[in-house]
Each structure stands twice: as C-alpha cells, then as structure tokens.
Amino acid sequence: MVAESTVLMKCLEQPINDLYEIGKDKFSEQLAPIMGARAIRKIAKHIDDVRKVKTIWQIDREVLLTDFYYPSKIIINQNKVIISAVNKLPDYEGIIIEGTAGQGKSILLRFLTYQELRSKKRIPIFIQFRHIESNETISDHIRKELDVWGISPTDSILDFLFESGKIILFLDGFDEISGSRVGRLIRELERLRIRYKKTTIIITSRPNSEIGKSAHFRINKLAELEEEDLPLILKKLVDDNAIRKNIINSLKESSQSLKELLKTPLIVTILVITYKQTQSIPDSYSDFYENLFYTLFLRHDSSKPGFTRERSTDISLKNFFDVFNALCFECKKTENVNFSFSEFHDLCETALKIMNVNCDSDNYIKDLTKITCLVIEEGNEYFFIHNSVMEYHCACFLKNRNNDAVEKFYAYFRKDPYLAINWSLVLNFLKNIDSYRYLTQFEIPLYENALDFLGKNKNEWNRLTYDEAKSMLMNSEFGKRKEDYDNNIDSSFFLKTATDGCKFIIFEHDPITRLSFKLFNQMKGFNIDSAKEYLESNKVMVLEKSEGFFISLYDLFSIDNLQDEAIEMLQDAMDEIMSRYIKDIELVKKEDEIKDTITF
C-alpha cells in the first residue's frame, strides 16, 4: 500500500503543477498549500479512498474495488465497448452513464475516478449525490472537497478550477436525489456545462431520470452481461475452483428464464452468496432477494457449528422480516436513499407499529446493521447496501397487504403513470411476486384504457392504422407546467394524454419518449415566450392552458419531419403491448379457473 500511495502521489504531481502554473499569477498564495509533497500525498490518499467500498459480497469490511472489478461495457453505435478509462467514452464533456439496478454504475464511476488519477492529466473529484445535503448546491459540496485539499474554497478559486480544465467531476447516483431537489440540481448542472466548457462532467443514473432529458448531457447505456461473461466474473468472486465449477454446471441445468436473469453483476453476486449457503440455485428474480435476506441473517451462525450469534432483539425471524419490509416501504415513500440517525429511527418506529411488533427500535436497527448488513451505518447516516434491496422488500410489504390497500396503491399510479418512474423497480417486483393483483389492478386497466380510446376490439387485435396512430399522437401532449417555467425550472417536462393508457404506452416505448425530450430541448431558454417563438418559427402551434403550455406529439415531431417514423414506432409499440395484454389476460384467466375449482 505504501508503494501504491507513492505511485499515486507521483501521478497527482503533474496536474497539480499544471494547475499552479495556470493560476500562479493570480492565485499563487491560495494554491501554495497544495504544492508540497505532504499536501499532494494527502490529496492523493483522499481521492484513492474512492476505491474502498462496502458491497453485498463483502458486507463487514471495505474492500478495494480493483480486487474484484470486472470491466464494464458501454453501448456505442450498437457495439459493446470495454471502458477502461475516461478517454474510452465518447468525446463529449457532459456524459450520463445509464444502467439499471445492480448493473455496476457506481463501481464503474469509482474505477474511472481511480484511472483518471493514474492518468496524470486531471484531478478527479468524486461526489455521491446522496451526500449532497438538502440545502447544498453541487458547488457547495465541491467547496468541502477543496477544504480537505487545503485550498480556501472562495468563489474566485472555484471559478478558476472550473475554467482551468484541470479537474473532472464524477457525480454518482443522480436517481437517488429526492424529487424536491431534482430541478434545482439539474439547473446547476446545466449552468456548469454551459459556462465551463473545459470541465468534463460524468454522471451515473438509472434509466428515465430527469437528467436524461437534458440536451446538455449525452446518455451512454451500460451493456448487460452475456453468457460468456459469467465464468470470468465468477472467477473474480469465487477463489475455489470446485465451487466455481459447481455453480457453472448448475446454471447449465437451470431454466432459460433463470439464465436470462443473470444480466447484472449484482444478480451474479447474489447467486454466489446464496449458492455458497444453500448449495442450490434460486428459481426466480425475487427468490434471489428473499434468499439474500435469510442468507445474510443466518450465514454467520450456520457456518459455525454450535454457535448462535447474540442478538439485541428477541423477536422471531418472520417478525424481523416483516418489519424490514414495512421499514423499506416507509423509506421508499420518503424518496430519500440516505437517512439521518433520527429519521431512520423514526421510520423504524413507524414500521414496528404498522406490523404491531413489540420491539425497541434501537435494538432492531442494531441487529439490522450488524447481522444482516443490508443497511449500512456511517457516522450519523444510514443507507441500504443497494437500493434494489429496499425496493424488493417494499414490494414484499405491498404483496402482504389486503386488496383495499393495494388498490389504493395502484390507483395512485393509474391516475398518472408518469409518477411511477421512481417506483418502476418496485412495480416490476410486484409483477413477479404478486402478479394477479398487479395485472388486474394496474397493467391490464392501463392497456384497456388505451384500447377504449382507440375504439379497438380487445379480443381481436389489428395493427394500428396510420390514422389511428396519428390520432394517438395528436391527442398526446408534451409540455411544461406553468409553475416550472415561472420558477425557471429548465428540465421538467411531462406527457399529458387523453387517456392514462396512452401515456403509459408512450412512456414505456422509450424511443418516442426520448425523441420527445430531445426535440423539446431544442427550444432555447425554456420559458413560455422563447418556446413559443421557436415553435411558431417552425410553424408549430403552442397550446396555452391554465396549468401550462403544451404541444401535440405529432406537431412536435413535425419539427424535423419525424411524424412517419414516430407513427411506425407507435404501431410497433402497440403490437408489443397487445402481445403482452393477451398474455396478461391468459394468466388472469388461469388464476380465475384455479380459484373456481376451490369449492366445498
């Protein structure tokens, strides 16, 4: 480690010297504290700490990501390209690395931060969005970083650093920002991109986050794992050749549906954890997560004959599990991903009351963090080892609620499916673990709303005609709320349609939604007057209403003569939707038939 520290210190010397040379005429006094060997070593160590992570694989201690890192691939021009350094990404100063839960976004960003440090070109600054406090800006948080370096974080110094081209920002987990702060942080990111052309900003996020709608950043999607990746990633996770071969052989004999789940490093890791404990392969996506809870809760004890770990709580394992489900639901409702000491304890108290379990919240949290390690305590904050854990157990909580409670939940998202963006993984889990109610109370009603709007026969599907698809687009509006442009919120657009089902279909069909955002972002300024001027110059009419201003999707696509392409997209989307609808109806019929056989 000493040798590595020396190497990294040498790597950092060049960009720091470059920075000093650029700014010495004006800022020599302010930059002097970072020029000595001791200061450079301290900064190098601080940046290198990005490599230390806690993972589901190593829950009880931090490990170096370089010890287990498996190269990530980005889809570029339909090709999967290994990203070993920032210069392997497309040449653009504003980049979003987009991936689903467990796909390795954060690990890749940390790896790129470390590689940038070793490149001797720029000083990397790594920030987790979840650590930006509610009253902070990104610039405020960077000031804290400068303070650690030993630089007085004045506005003029910050401006100089951004202008110098000698720093690069790595910003992790945009999707983890609570909804109330999204617009403000997007505005700041867009201002940074516009003002400081020399500073590269790389952001990670899940799909469909608000930052993905900004014209100032380009999306690069992470590629899924392929079958040939599995032996290589297993080699990183499993030292024992015999165990590794057993897992590979078990997978060969498993169902195709299970193999199709192994698309992310997280799922492969959970597979290994549960296999080591149970010597078996889980059957489904949801089984992975349920097995994970019980495996982590029991694995220390079962690995030591005659030993039972002392617990702070005396409640049953089932009660512990049920309370954890309720806790995850309460946490998910807050739209936060990290919680202060008092917040988390209050949420735990609520979960215990909901489940009517008599237990001290302090003791419950102590067992949760020390035994399962599914929730991590750092300082005075708590966060989940991975957000997908919270979302799966949130779905478990809903699965076990009565019909009235579940109907209330689905009715909220049926009213405006656009609200379901942040709950999409929870909904996917519910489709798997509580499929009947998910289909009958959410997905099927949305599809049927769209079919009713189109006047289509539910029992005999014919592909949408050109005029029917055109009508759907003309009755679907893309717009901006008045309160958003009054408050100068740059990137807050939404779909408004004649029927919820149409909105759901258009939103689900990613190319239409993304194309809409891209075209709408061409309107410079984003206020009502400049948007109207831009649209009218393209002979497009703006629909002004009390709640905001809108443009029909059909008219929006006319800007670049994309109507025919969009109509074909929508025809294809409806074919796919109808295929799913027919399957959904068949599944529901089978369940109803089973129910009808249960008579006495």
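None of the values given here were measured: they were computed from a predicted structure. (Residues numbered from 1 in each chain as written. Predicted model: local features only at pLDDT ≥ 70, side-chain atom pairs only at ≥ 80, totals over all residues. Heavy atoms only, no water.)

What to know about the confidence of the model for the protein
Parts of the model with low pLDDT should not have their predicted coordinates read in detail.
Moving on, step 1. Considering every residue of the protein, the mean pLDDT works out to 85; 92% of them sit at 70 or more.
Moving on, step 2. Note that residues 300-308 has pLDDT below 50 and, in this model, seven contacts with residues that lie over four places away or in other chains. (pLDDT = per-residue confidence, 0-100. Contact = heavy atoms within 4.5 Å.)

Some points on the sheet that holds strand 8 (residues 200-205)
Moving on, step 1. Spatially, the five strands line up as an open sheet ordered 6-7-8-5-9, and their pairing is parallel. Across the chains shown, the open sheet's two edge strands, defined by having one partner strand only, are strand 6 (123-128) and strand 9 (218-221). Each strand of the sheet is rotated relative to its neighbour by a mean of 20°, with strand direction disregarded.
Moving on, step 2. Pairing analysis gives four bridges linking strand 7 (residues 167-172) to strand 8, with the strands arranged parallel. By the bridge assignment, Phe-170 is partnered in strand 8 with Ile-202.
Moving on, step 3. The strands that helix 4 (residues 138-149) touches are strand 6 and strand 7; relative to strand 6, the one it contacts most, it runs at about 130°. (Pairing = 2+ DSSP bridges. Helix = DSSP H or I, 4+ residues; strand = E, 2+ residues; numbered from the N terminus. Axes fitted to C-alpha atoms, helices over the stretch in contact; angles between N-to-C directions.)

Examining the pairing of strand 3 (residues 73-76)
Moving on, step 1. A one-sided burial pattern is seen for strand 3, the buried positions being Ile-74 and Ile-76 and the unburied ones Lys-73 and Ile-75.
Moving on, step 2. By the bridge criterion, four bridges tie strand 3 to strand 4 (residues 79-82) in an arrangement that is antiparallel. Pairing of Ile-74 across the sheet is with Val-81, part of strand 4.
Moving on, step 3. Taking the residues that link successive antiparallel strands as the turn, the strand 3-strand 4 hairpin has two residues, and the phi of Asn-77 there is positive, at about 50°. (Buried < 20%, exposed > 50% of the residue type's maximum accessible area, 1.4 Å probe, protein only.)

Notes on unusual backbone geometry
Moving on, step 1. Not every positive phi belongs to a glycine, and Asn-77 is a case in point at roughly 50°.
Moving on, step 2. Take Asn-77: it is sitting in the loop between strand 3 and strand 4.
Moving on, step 3. For Asn-77, a relative accessible area of 68% gives the class exposed.
Moving on, step 4. Unlike most non-glycine residues, Glu-335 shows phi in positive territory, near 65°.

Remarks on the pattern of salt bridges
Moving on, step 1. Tallied over the entire structure, the rule returns 29 salt bridges.
Moving on, step 2. For Lys-24, the salt bridge goes to Glu-21, with nearest N and O atoms at 3.0 Å. Placement of the pair is Lys-24 and Glu-21 together in helix 1 (residues 2-31), with a separation of three residues, close to one helical turn.
Moving on, step 3. Among the salt bridges present, the one from Arg-122 reaches Glu-116, with a minimum N-O distance of 3.0 Å.
Moving on, step 4. By relative accessible area, which is 5% here, Glu-116 ends up buried.
Moving on, step 5. The structure contains a network of salt bridges with shared partners spanning Asp-175, Arg-206, Lys-332 and Glu-391. (Salt bridge = Lys/Arg side-chain N within 4 Å of Asp/Glu carboxyl O.)

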